[in-house]
Amino acid sequence: MKIDPQAFRVRPDEKIKLKHWPTRVKPFYSSKAQYEKILAAHIAELSRRQGKLYAHNRYSLLLIFQAMDAAGKDSAIRHVMSGVNPQGCQVYSFKQPSAEELAHDFLWRTTRCLPERGHIGIFNRSYYEEVLVVRVHPEILAGQALPKAALADPDFWANRYRSIVDQEQHLHRNGTRIVKFFLHVSKAEQRKRFLARLDDPDKNWKFSRSDLAERARWKDYQKAYEACLSATSTKAAPWFVVPADDKANARLIISQIVLAALDQLKLSYPQPDQAHRQELSAIRAQLAQ
Ligand code: ATP
Ligand code: MG
């Protein structure tokens, strides 16, 4: 069965309710072996297209991953990007901001990490935290030393969305293609994964008490995600809501969406012009002596 990226895309100006978006869909594989085969094919193709992106050197690709805890961001990134040349790909994880980062506007820290031309950049969490965790915990704003007038503005959050959308449009105009994934996991599945982290000593390190506190704010997070995805999914930088209760299926969907994004770029290897061709044949003649 073919995976259609459009089935998971949030259309511009669509007001979404996450309860209408599934956390589980009919799998695109019928066995573990078949899953592995499809993923391997996606990874091989991704590697080929990354090679072209790099050689073409006009575009970059930014993949943004956002999700509730234990939705599988890390493992999706690990699997999907396993075939790409590390020289052309950088992954950044964004946690609580440092004092230096807090001393700047909220787009500063991520802007420094944007992928250069020809590269793929991956943001594991991103500037979107500024309208997600910060919206759920507005007390965080007290540490951001913002002007009083900005804080008092009733359009504070709308302004943040606008800053984000404007920045993404700007990047798009300048050759950065942005694809954003929300890994949509159910509360019951998160519970199962938390318990697995507690049961397995090798996974204990992944669990912290704060994960439970954030889980308690589940509804508030879903609301913050709904508002954010509705306000910031644009043609230039679409959001995809990926059903994430089945990790394997989520990886197939994500890799297909990344492939489609690269396909749209009509990438090609730079072709030598007449002068360069002549130079190359002269070099060949010299080497042949
Ligand atoms: P894991 O899946 O391993 O738990 P993680 O991405 O949740 O990975 P953690 O170290 O557990 O990593 O958590 C990072 C925390 O930092 C998250 O709770 C996130 O909401 C928070 N964070 C990220 N960016 C910001 C920000 N700009 N302001 C405040 N908190 C932020
Ligand atoms: Mg965490």
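Bear in mind that the values here come from a model prediction, so they are computed numbers and not experimental data. (Residues numbered from 1 in each chain as written. Chains lettered and ligands numbered in written order. Predicted model: local features only at pLDDT ≥ 70, side-chain atom pairs only at ≥ 80, totals over all residues. Heavy atoms only, no water.)

Observations concerning the pattern of salt bridges
Between side chains of opposite charge, a pair can form when the charged atoms approach closely. The test is simple: By salt bridge we mean one thing: a side-chain nitrogen of Lys or Arg within 4 Å of a carboxyl oxygen of Asp or Glu. Under the DSSP-based scheme used, a helix requires at least four consecutive residues in state H or I and a strand at least two consecutive residues in state E, with every element numbered from the N terminus. Type-normalised accessible area, obtained with a 1.4 Å probe on protein chains alone, sets the label of each residue: buried when under 20%, exposed when over 50%, and partly exposed for intermediate values.
Across all of its chains, the model carries 14 salt bridges by this definition. We note a salt bridge from K32 to E36, for which the minimum N-O separation is 3.0 Å. Residue K32 and its partner E36 are located together in helix α1 (residues 32-56), separated by 4 residues, close to a single helical turn. Its relative accessible area of 60% is what places K32 among the exposed residues. On the basis of relative accessible area, E36 is assigned to the partly exposed category, the value being 41%. In this structure, the salt-bridge partner of E45 is R49, at a minimum N-O distance of 2.8 Å. One end of the pair, E45, and the other, R49, are both in helix α1, 4 residues apart, so they sit about a helical turn from each other. Three or more residues are tied together by salt bridges with common partners; here these are R24, E189, K192 and R193.

Some details on the packing of aromatic side chains
What counts here: What counts as a ring pair is set by centres within 6.5 Å for rings of Phe, Tyr and Trp (its six-membered ring), and what kind of pair is set by the plane angle: stacked under 30 degrees, edge-to-face over 60, tilted for all other angles.
A complete count under the given rule lists 11 aromatic pairs for this structure. Here Y92 and F94 contribute two aromatic rings whose centre-to-centre distance is 6.4 Å and whose plane-to-plane angle is 25°, an arrangement assigned as stacked. Plain terms: the ring middles of F94 and F123 are 5.0 Å apart, the flat faces sit at 80° to each other, and that makes the pair edge-to-face. Separated by 29 residues along the polypeptide, F94 in the loop between β2 (89-93) and α3 (99-102) and F123 in strand β3 (residues 120-124) bring together distant segments of the chain.

Some points on a positive patch on the surface
Under the convention used in this document: Residues form patches when they are more than 30% accessible in relative terms and have no salt bridge. Like charges link within 9 Å. Nonpolar side chains (Val, Leu, Ile, Met, Phe, Trp, Tyr) link within 5 Å. Here the accessible surface of atoms and residues is derived via Shrake-Rupley with a 1.4 Å probe, and residues count as covered only by protein chains that are part of the display. His is not counted, nor are the chain ends; Lys and Arg add positive charge and Asp and Glu add negative charge. The atom standing in for a charge is NZ when the residue is Lys, CZ when it is Arg, CG when it is Asp and CD when it is Glu.
Among the surface-exposed residues, R78, K203, K206 and K247 lie close enough to one another that they form a single positively charged patch. Checked against the element boundaries, R78 lands in helix α2 (residues 73-80). Relative accessible area serves as the criterion here: at 54%, R78 is assigned to the exposed category.

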